[in-house]
Amino acid sequence: MNGSFKGIWGTFAFMDETTAVIRALREEGKDYSVLAPFYHHELHDAMGHPESRIPFVTLIMGAMGIFFGYALTSWTSMQWVLPVSAKPIVSIPAYTIFAFELMVLLGGVFTALAIFLMGMFDLQRKKLPKSKTFKGYGRFSNDRFGVVVRCDESDADRVEKLMREHSAEEVVREY
Amino acid sequence: MTEITYSEVTADVLRTLVRPKPAYFLLLLGFVTALGTGVFSLAVQVDVGIGLSGISHPIGWGFYITNFVFWIGIGHAGTLISAIFFITRAPWRTPIYRAAEGMTVFAVMTAGLFPILHMGRPWYGYWLIPYPNSRMLWVNFKSPLLWDVFAVSTYLTISVTFFIVGLIPDLASMRDSTKGPRKLLYTILAVGWTNSYQQWIHYARAYILLAALATPLVFSVHSIVSWDFAMSNVPGWHSTIFAPYFVAGAIFSGLAMVLTITIPMRVIFGLEKYITDHVLQSVARVILFTSIIVGYAYTTEFFMSWYSGIPAERGQFYFRAFGDPALLPFSEGSTLGFPQIAFWIMVFCNIFAPLPLWRYKIRTNLVALFIISILINIGMWFERFNIIVNSLQRDYNPQVWGSYTPTIIETGITLGSFGFFFTLFALFVRSIPALSIAQLKENLDPPRKNPTQQD
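Note that this is a predicted model, so its numbers are computed, not measured. (Residues numbered from 1 in each chain as written. Chains lettered and ligands numbered in written order. Predicted model: local features only at pLDDT ≥ 70, side-chain atom pairs only at ≥ 80, totals over all residues.)

1. Remarks on the overall build of chain A
Right, on to step 1. Helices and strands together make up the secondary structure of chain A, namely six helices and four strands.
Right, on to step 2. Helices and strands appear in chain A in the N-to-C order β-α-β-α-α-α-α-β-α-β.
Right, on to step 3. A globule of 175 residues ought to have a C-alpha radius of gyration of about 16 Å, yet chain A, at 25 Å, is considerably larger.
Right, on to step 4. Along the longest, intermediate and shortest principal axes, the C-alpha atoms of chain A span 80 × 35 × 30 Å.
Right, on to step 5. A burial count over chain A gives 42% of its 175 residues as buried.
Right, on to step 6. A separation threshold of at least 6 residues defines the contact pool for chain A, and within that pool the share at least 24 residues apart is 82%. (Helix = DSSP H or I, 4+ residues; strand = E, 2+ residues; numbered from the N terminus. Rg over C-alpha atoms; globule rule 2.2 N^0.38 Å. Buried ≥ 20, exposed ≤ 12 C-beta atoms within 10 Å, placed from the backbone. Contact = placed C-beta atoms within 7 Å.)

Below, the structure written as structure tokens:
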């Protein structure tokens, strides 16, 4: 069966028709998702520029990297005092290199992890169909755009009509 | 690329993963043979000891550290192309960025081996990492060698991360285009990628952030590698221009290696539609630009050594080009030898060999581009040899002057490093899309029902 998803989904070959459907659904306040083989600014514009929270992850983890970079080097220098010619025991210019490297390391790795964690979280919130027809439709990674609308059966006729008016190739209801 | 459709892109790129031409297998055989030579040489060295190499006082850094710096330099072009040219929106980067990223990962992996191989007891390599231990000892964070450990390992981690992130949507494409056990494999590797905008929005934002983080990293890594030398008190090393000089050289050699690998890739896999003449000549233009910077840096080094008035500095640079100053070059008893030959190979390959790239005809001629790229690779290897080995031969104190003769073991390990790099790359192009499917499509004009309307 199709799990907790209830709604309708359609496939599109044209960018302009897909963005027109998205705009119409957004104006009606419908709960929808968009699928595409790549990221495109026109789709992003049509969706009203939804923002990602990933920059916060990068900022926090980058700041933690700077903190750990200075903390690790300074603490270990105090733990094992290693006098090297006339250099200070805690040498901030030298330790800035570690702060920078750990900022990039933690910021970068957690940014990458956040793509999948946030994507998974959002997919839990905005479920996609789980039917075999949907999962077996492999063209969203190839050459087709998709629009998935989570709606009651009473709304399905109107959404289907909207999709067909904008040259939807296939429209599938899942209830 | 307006006439290409999305499905054509998918089909063309996935075609590179099916059985290639026999030329591919011939090349692979050559690479594996080189790798085998390296593995055998390394096994002998580990068994007998580091004394089998030619490194000895005063030349403690011979072929191994030359190889380390060379491969780190090669690793620069990938992130330059995938991050810096992404931020600056250079559209010609798209068809070659995946190959360049793969090249970066494999080059940094190769480079990372050498500081370990160079140790007398490589099995204690993990002592470089700061970890709590029973001896209550910590590493010396003020040493440039430890800066290197952090810089190179961060660079490798971020390069791998960037590479994997870019690959995920393409793995989803492969999942949707295959059947059977391969489909299962790609389903696992695609980590639940659905192509939904819930994922794309995070992806696009994260990609820019990763590029922004990787950009200063590109410049920092080779700067830190250069400080291994510049922080020490050796004539020819203790120089403030080392960081920009090394970074320009790294970009120069890395882009040359991009041409060395993408030109055969284009021919073997028939990718002329994507890796166009425009793409290759754009790389050639950046090579030309960095060649000028490198040439300027060579001249500045000589000028500074003369202008400083320091006899050891002057003597060092005279020695590099002409041998010992007491004798006239080419005269009877001249000390002109391998170090000087290395210097003139460097000058020819890095300053003069790229000059034909000023001509459009040369920039669009595959054979000429390939030959020039090979010459630059040779020249840049000798540049590192010239900086490292030649400098160590002539220190401040003439009583500790020495000479360096590489052994067959070092030569075998060096050959093996090329085998290791090219074998990994050859396997990569057969198992993973060497062109980014998603980003190629992003660069195409999307199909429209009403072509005159555009958002």
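2. Some words on the overall build of chain B
Right, on to step 1. Helices and strands together make up the secondary structure of chain B, namely 16 helices and zero strands.
Right, on to step 2. For 455 residues, the compact-globule estimate of 2.2 N^0.38 gives 23 Å, and chain B sits close to it at 24 Å.
Right, on to step 3. Here the C-alpha coordinates of chain B stretch approximately 80 × 60 × 40 Å along the principal axes.
Right, on to step 4. Looking at chain B as a whole, 47% of its 455 residues are labelled buried.

3. Concerning the domain arrangement of chain A
Right, on to step 1. Under the domain assignment used here, chain A contains domain 1 (7-50 + 126-174) and domain 2 (54-119).
Right, on to step 2. Computed over C-alpha atoms only, the centres of domain 1 of chain A and domain 2 of chain A are separated by 44 Å. (Domains from an automatic or database assignment.)

4. Notes on unusual backbone geometry
Residue and element names in this part refer to chain B.
Right, on to step 1. Cis geometry marks the peptide bond from His-57 to Pro-58; its omega dihedral reads 5°.
Right, on to step 2. By secondary structure assignment, the location of Pro-58 is in the loop between helix H2 (22-48) and helix H3 (63-74).
Right, on to step 3. Residues other than glycine seldom take positive phi values, yet Val-191 does so here, at roughly 40°.
Right, on to step 4. Its identity as a non-glycine residue notwithstanding, Asn-195 has a phi of 70°, on the positive side.
Right, on to step 5. Tracing the backbone through its elements, the reader meets Asn-195 in the loop between helix H7 (181-189) and helix H8 (197-230).
Right, on to step 6. Residue Asn-195 is classed as buried on the basis of its C-beta count, with 27 C-beta atoms lying within 10 Å.

5. A closer look at the sheet that holds strand E2 (residues 31-35) of chain A
Residue and element names in this part refer to chain A.
Right, on to step 1. Taking strand neighbours across the sheet as the criterion, the four strands line up as E2-E3-E1-E4 in an open arrangement whose pairing is antiparallel. Looking at strand neighbours, the two that pair on one side only are E2 and strand E4 (170-174), the edges of this open sheet. Within this sheet the neighbouring strands show an average axis-to-axis angle of 15°, counted without direction.
Right, on to step 2. Pairing geometry for strand E1 (residues 7-12) and strand E3 (residues 145-150), over six bridges, is antiparallel. In the strand pairing of E3, Ile-8 is matched with Val-149.
Right, on to step 3. Of the strands in this sheet, E1, E2 and E3 touch helix H1 (residues 15-27), which is tilted by about 15° from E3. (Pairing = 2+ DSSP bridges. Axes fitted to C-alpha atoms, helices over the stretch in contact; angles between N-to-C directions.)

6. Let's talk about the interface of chain A and chain B
Right, on to step 1. On the chain B side, the residues contacting the 62 residues of chain A number 54 residues.
Right, on to step 2. Breaking the side of chain A that touches chain B down by element, the ones donating at least two residues are H1, E2, helix H2 (41-46), helix H3 (54-79) and helix H4 (92-125) of chain A.
Right, on to step 3. No other element matches H4 of chain A, which puts 21 residues into the side of chain A that touches chain B.
Right, on to step 4. Considering only residue class, the side of chain A that touches chain B consists of 35 nonpolar, 18 polar and nine charged. (Nonpolar A, V, L, I, M, F, W, Y, C, P; charged D, E, K, R; others polar.)

7. Brief notes about helix H9 (residues 242-269) of chain B
Residue and element names in this part refer to chain B.
Right, on to step 1. The end-to-end C-alpha distance of H9, which contains 28 residues, comes to 40 Å, matching closely the 40 Å that a straight helix rising 1.5 Å per residue would cover.
Right, on to step 2. Taking burial as the measure, the 28 residues of H9 include 22 buried ones, the bulk of the element.
Right, on to step 3. Positive phi appears at Gly-270, one or two residues downstream of H9, with a value of about 60°. (Expected span 1.5 Å × (residues − 1).)

8. With respect to the confidence of the model for chain B
Right, on to step 1. Of the residues in chain B, 96% have a pLDDT of 70 or more, and the chain-wide mean is 91.
Right, on to step 2. Under the prediction, the complex receives an ipTM of 0.93, its pTM being 0.92. (pLDDT = per-residue confidence, 0-100.)

9. A few points about the pairing of E3 of chain A
Residues and elements named next belong to chain A.
Right, on to step 1. Along E3, six of the six residues are buried, which leaves the element largely enclosed by surrounding structure.
Right, on to step 2. Of the two faces of E3, the one carrying Phe-145, Val-147 and Val-149 and the one carrying Gly-146, Val-148 and Arg-150 are both buried.
Right, on to step 3. Looking at chain direction, E2 and E3 are connected through five bridges and run antiparallel. Its bridge partner lying in E3, Val-34 is registered against Val-147.

10. Here's the deal with the confidence of the model for chain A
Right, on to step 1. Summing up the model confidence of chain A, the mean pLDDT is 91 and the portion of residues at 70 or higher is 98%.
Right, on to step 2. Put simply, helix H5 (residues 132-136) of chain A is where chain A has its lowest mean pLDDT, 87, and H3 of chain A is where it has its highest, 96.

11. Examining the nonpolar core
Right, on to step 1. Counting 161 residues, the largest nonpolar core has Val-147 of chain A together with Met-103 and Val-258 of chain B as its most contacted members.
Right, on to step 2. No fewer than three residues from each of domain 1 (7-50 + 126-174) and domain 2 (54-119) of chain A sit in this core.
Right, on to step 3. In terms of nonpolar packing, the next biggest core, distinct from the first, is built from six residues, Ala-172, Met-174, Ala-190 and Trp-193 of chain B among them. (Core = buried A, V, L, I, M, F, W, Y, C linked by C-beta atoms within 7 Å.)

12. What to know about the environment of Val-32 of chain B
All names here are of chain B.
Right, on to step 1. Tracing the sequence through the fold places Val-32 in helix H2.
Right, on to step 2. Along the primary structure Val-32 and Leu-424 are separated by 392 residues, whereas in three dimensions their C-alpha atoms are 9.6 Å apart.
Right, on to step 3. The contacts of Val-32, once residues within four sequence positions are left out, are Gly-419 and Thr-423.

13. Here we look at the packing of H3 of chain A against H4 of chain A
All names here are of chain A.
Right, on to step 1. Their axes nearest at 7 Å, the elements H3 and H4 cross at an angle of 150°. H3 and H4 meet at a crossing whose hand is right-handed.
Right, on to step 2. Its residues assigned to classes, the contact of H3 with H4 comprises 19 nonpolar, eight polar and one charged. (Left-handed = near helix turned anticlockwise from the far one by under 90°.)

14. Regarding the environment of Lys-361 of chain B
Right, on to step 1. Tracing the backbone through its elements, the reader meets Lys-361 of chain B in helix H13 (residues 360-363).
Right, on to step 2. Taking C-alpha positions, Lys-361 of chain B is 9.7 Å from Gln-281 of chain B, a pair spaced 80 residues apart along the chain.

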